[in-house]
Amino acid sequence: MIKKEMIAMLLAGGQGSRLGVLTSGVAKPAVAFGGKYRIIDFPLSNCINSGIDTVGVLTQYQPLRLNRHIGIGIPWDLDRNNGGVTVLPPYERSDNSEWYTGTANAIYQNLKYMETYNPDYVLILSGDHIYKMDYEVMLDFHKENNADVTIAAMPVPIEEASRFGVVITDENKKIKEFEEKPEHPRSNLASMGIYIFNWKVLRDSLIAMKDQSNCDFGKHIIPYCHENGKRLFAYEFNGYWKDVGTLSSYWEANMELIDLIPEFNLYEEYWKIYTKSDNVAPQYLAAESKVDTSIIGEGAEIYGEVQNSVIGAGVRIEKGAVVHNSIIMKECVIGENTVVEKSIIADKTIVGADCHLGVGEYAPSTLNEKVYASDLVTIGEDSVIPDGVSIGKNTAISGVTEPSDYPDGMLAGGGAIIKEGDRI
Amino acid sequence: MKALGLILAGGNNHRMQELSSKRAIAAMPIGGSYRCIDFALSNMSNSHVQTVAVLTQYNARSLNEHLSSSKWWDFGRKQGGLYTFTPTVTADNSWWYRGTADAMYQNIDFLKKRHEPYVIITGGDCVYKLDYNKVLDYHIEKKADITVVCKDMPEGADISRFGVIRMNEESRITEFEEKPMVSSSNTISTGIYIIRRRQLIEMLERSGQEDRWDFVTDILIRYKNMKRIYGYKMEDYWSNIATVDSYYNTNMDFLKPDVRNYFFRETPHIYSKVDDYPPAKYNAGSDVKNSLISSGCIINSKIENSVLFKNVFVGKNCVIKNSIILNDVYIGDNTHIENCIVESRGTLKANTYYCGDDGVKVVLERNDRYAL
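Read on for an overview of the structure. (Residues numbered from 1 in each chain as written. Chains lettered and ligands numbered in written order. Predicted model: local features only at pLDDT ≥ 70, side-chain atom pairs only at ≥ 80, totals over all residues. Heavy atoms only, no water.)

## Re the packing of aromatic side chains
The way to describe two aromatic rings as a pair is by their centre distance and the angle between their planes.
Inference 1: Per the stated rule, a full pass over the model turns up 28 aromatic pairs over all chains.
Inference 2: Summarising the aromatic geometry, the rings of F164 of chain A and W241 of chain A are spaced 6.4 Å apart at their centres and angled 50° between planes, so their arrangement reads as tilted. With F164 of chain A in the loop between β8 (149-155) and β9 (165-169) and W241 of chain A in strand β13 (residues 241-243), this pair connects stretches of sequence that are 77 residues apart. Judged on exposure class, the residue F164 of chain A and its partner W241 of chain A are both buried.
Inference 3: Three or more aromatic residues joined by ring pairs make a cluster, and in this case those are Y34, F39, Y237, F254, Y262, F263 and F264 of chain B.
Inference 4: Just above the ring of F264 of chain A sits the side chain of K132 of chain A; from NZ or CZ to the centre is 5.4 Å.
Inference 5: Geometry around Y277 of chain B places K272 of chain A over its ring, the cationic atom sitting 4.9 Å from the centre. (Phe/Tyr/Trp six-rings, centres within 6.5 Å; stacked < 30°, edge-to-face > 60°. Helix = DSSP H or I, 4+ residues; strand = E, 2+ residues; numbered from the N terminus. Buried < 20%, exposed > 50% of the residue type's maximum accessible area, 1.4 Å probe, protein only. Lys NZ or Arg CZ within 6 Å of the ring centre and 35° of its normal.)

Shown next, in the form of structure tokens:
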């Protein structure tokens, strides 16, 4: 019989629709981060660094990139004879087949997977946060308190607490009450979406709540456990933790890595973050290049100017191009004499020569005011921007665009060009 | 695949000065992110050679560490694998490898129990890309006993440390001189050979019985007129790194766009062990011109015409020019480095000055990093 003390279930099926065109073709956990990584690398590396060698990754939305990235788990040492990483997509059954309709529903549909390992504890993670955390310490806390469920929580400024699920605890960190996005929060301890369950408690509550539609941990399972007198504890986490759920928080989290001594330091020997890297070559900075206050990934070739930016692996920035305050992901090309200001450009995009990104004034988005609400120019993966066009602030582009898409060679602030169909 | 691979990585010499005192030449870092043996290993893997043995004896620790997992080059399969053979003491043998032929002779059991008809032999100290299948096709077409891959060196190049070859119009090798003082030809042997496995076993056993241990002088040169030995001309980039100057120049070659594209961009790719360093970071004060920078580096200064390997820290107000900084080096503030090779894991104190005035200077500094 296979036996694991604790296994992890990593929820990676969400679209992350607030990242706009960045997630039009990939799931949010597969979005690039920090010039080299993808968001899912953080929880996966945390797992292996915490000694958890059995991880189920639940996928649903656009899983191709995620599947290729995870593979059999080699970069994280999760290629194991016994355990390791398993990608768990929704599957068809003889009766009642369905998609994953909620976080808890997705876990419920994989009860069999978890049973295989006879775990004592199950760790529930989400694939869209940037942080380093030792889950083993959290497990120790869980055991010490003889808890049924432990929720990782971190103190946030009280004025922001209404965006989160908030826990109200007694002096022993035992949870007394639980509020989901309260208007007037009574505590500043926000749930991080990281849970440790005793296996039996998890299994029983998932089965009890199986008919709940869109069954969700925060909305249904945690309240259910609470109402049934289970021992719920809050594990207070005081390290760096960032939800990169919106374009501006995603941009900020990347920019924080550039600080002289970043709060979230990737350069510490201890607690390495692992990723699949296809490119191992060094980067080349040409005689005419000018680079400072930036991080740059492997194999990039820089002939232009880069400042305050995060540049991914294999990116090429041509002569005379200027990149400021931007995130440019893997294998993009920025053409000669093109100016890029405050932009997020996803993988393998080709920007032509003599373009200007981020011109003019802010204007409200014509596409989606909730998603696009900053100065950022956002360009989805595999897009093409023709030579000589200007693109205003707070804009979105996805797909192969042509000069005819830009009346007077211009995409005005707040505008969007979303192309359907084949991409290169 | 019709061949198995042997990589002769045991060598060491004094021309590498201090650089090879702590590692085999095959383990020397190359081109920012690679080790020299990655080129031979990647060529094997890209030519679909599935069984490769690395023969090593001198200071093999960093080589063994690099080869500790074979997955980076896609070896480690059920059909084939990557083997590392160091000399072992047995009931009837307690010798080190006394030469290249002896290294193979001591592992003759391995050669005997394999089934591949051919053997590809290469050194671990050369930087090149080669599809061995093309050489093998040539070898079969010429009905050769041994094929030697050779290369025309440019006029005026110092070839006194190579084997020099002269071929007739059919490409059969008529003269082979090992390390001649004065040579009549500028075609040299690259140390890459193809030979039928049974033929190799027979030749090794014979020379072993006669106490002859060197593959070039005791096999190639002795059998030159008796066996059909052919030369295969290689046109692409090839460089041997076994002297300080050639090591320096080979690394500097990667600053040329054509060499860089050839090795870093064009397929097939060169693979190496992945070290999981974060991306390179450039702080305010960085001013990097015509240089290669590897992952894990943190740069605060001026760098020109240089190659920085992985995980190098460069402090403020430094000037680094025409230099090679190997892995894990810490360089304190206000340091000036010119025409140097800084050995890996070195710690250079602040306000120091290193300059190779007449030629490349090898810098070894073993200061305590945390006492700075």
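## Things to note about the layout of surface pockets
If a probe as big as a water molecule is rolled over the atoms, it shows which places are left empty.
Inference 1: Estimated volume of the second largest pocket: approximately 1300 Å³.
Inference 2: Lining the second largest pocket are 45 residues; nearest its centre among them are K276, S277 and D278 of chain A together with Y271 and V274 of chain B.
Inference 3: Classifying every residue of the lining of the second largest pocket by side-chain character gives 19 nonpolar, 13 polar and 13 charged. (1 Å grid on protein atoms, 1.4 Å probe; cavity = no way out; pocket = protein on both sides within 12 Å on 5 of 7 lines; lining within 4 Å. Points joined across faces, edges and corners; volume = space filled by probe spheres on them. Nonpolar A, V, L, I, M, F, W, Y, C, P; charged D, E, K, R; others polar.)

## Examining the pattern of salt bridges
Inference 1: Summed over the entire model, instances satisfying the criterion amount to 39 salt bridges over all chains.
Inference 2: For E116 of chain B, the salt bridge identified is with R114 of chain B, shortest N-O distance 3.2 Å.
Inference 3: Taking the shortest distance from any N to any O, the salt bridge between D328 of chain B and R345 of chain B comes out at 3.5 Å. With a gap of 17 residues between them, D328 of chain B in the loop between β22 (324-325) and β23 (330-331) and R345 of chain B in the loop between β25 (340-342) and β26 (347-348) connect regions that are remote in the sequence.
Inference 4: One salt-bridge network, held together by shared partners, links E301, R316 and E318 of chain A together with R260 and R265 of chain B. (Salt bridge = Lys/Arg side-chain N within 4 Å of Asp/Glu carboxyl O.)

## Observations concerning the side chain of S189 of chain B
Residues and elements named next belong to chain B.
Inference 1: Within the secondary structure layout, S189 lies in strand β11 (residues 187-196).
Inference 2: A relative accessible area of 8% means that S189 is categorised as buried.
Inference 3: Setting aside anything within four residues of it in sequence, one finds S189 in contact with V148, V149, C150, G163, I165 and F176. (Contact = heavy atoms within 4.5 Å.)

## A few points about helix α8 (residues 247-256) of chain A
Every α-helix carries 3.6 residues per turn, so stepping three or four residues along brings you back to the same face.
All names here are of chain A.
Inference 1: In terms of burial, α8 is a largely internal element, seven of the 10 residues being buried.
Inference 2: Restricting attention to buried positions, one finds in α8 the residues L247, S249, Y250, W251, A253, N254 and M255.
Inference 3: Lining the buried residues of α8 we find β2 (32-33), β13, β19 (310-311), β22 (327-328), β25 (343-345) and β28 (377-379).

## Digging into the sheet that holds β26 of chain B
Inference 1: Spatially, β33(A)-β31(A)-β28(A)-β25(A)-β22(A)-β19(A)-β16(A)-β14(B)-β17(B)-β20(B)-β23(B)-β26(B) is the arrangement adopted by the 12 strands of the open sheet, whose pairing is mixed. Edge positions in the sheet fall to β33 (416-418) of chain A together with β26 of chain B, since each of these pairs with one other strand and no more.
Inference 2: Pairing geometry for strand β16 (residues 294-296) of chain A and β19 of chain A, over two bridges, is parallel. Within β19 of chain A, the position partnered with I295 of chain A by the bridge is V310 of chain A. (Pairing = 2+ DSSP bridges.)

## Description of the pairing of β8 of chain A
Residues and elements named next belong to chain A.
Inference 1: Of all seven residues in β8, six are buried, a share of seventy percent or more.
Inference 2: Taken together, the six bridges between β8 and strand β11 (residues 189-198) define a ladder with antiparallel strand orientation. Across the sheet, residue P155 finds its bridge partner in β11, namely L189.

## Observations concerning the sheet that holds strand β27 (residues 353-355) of chain B
All names here are of chain B.
Inference 1: With respect to topology, five strands assemble into an open sheet ordered β15-β18-β21-β24-β27, the strand pairing being parallel. Looking at strand neighbours, the two that pair on one side only are β15 (287-289) and β27, the edges of this open sheet. Taken pair by pair, the neighbouring strands of this sheet meet at an average axis angle of 5°, ignoring direction.
Inference 2: The pairing of β15 with strand β18 (residues 302-304) spans three bridges and is classified as parallel. Paired with K289 across the bridge in β18 is E304. (Axes fitted to C-alpha atoms, helices over the stretch in contact; angles between N-to-C directions.)

## Some points on the nonpolar core
Inference 1: The biggest cluster of nonpolar side chains holds 79 residues, and the ones touching the most others in it are M133, Y135, I194 and Y250 of chain A.
Inference 2: The element best represented in this core is α8 of chain A, accounting for five residues.
Inference 3: Not counting the four nearest positions on each side in its chain, Y250 of chain A is found in contact with L19, L22, V31, A32, F33, V244, I327, M329 and I344 of chain A.
Inference 4: Listed in part, the 49 residues of the second largest apolar core include V288, V312, V342 and L348 of chain B. (Core = buried A, V, L, I, M, F, W, Y, C linked by side-chain atoms within 4.5 Å.)

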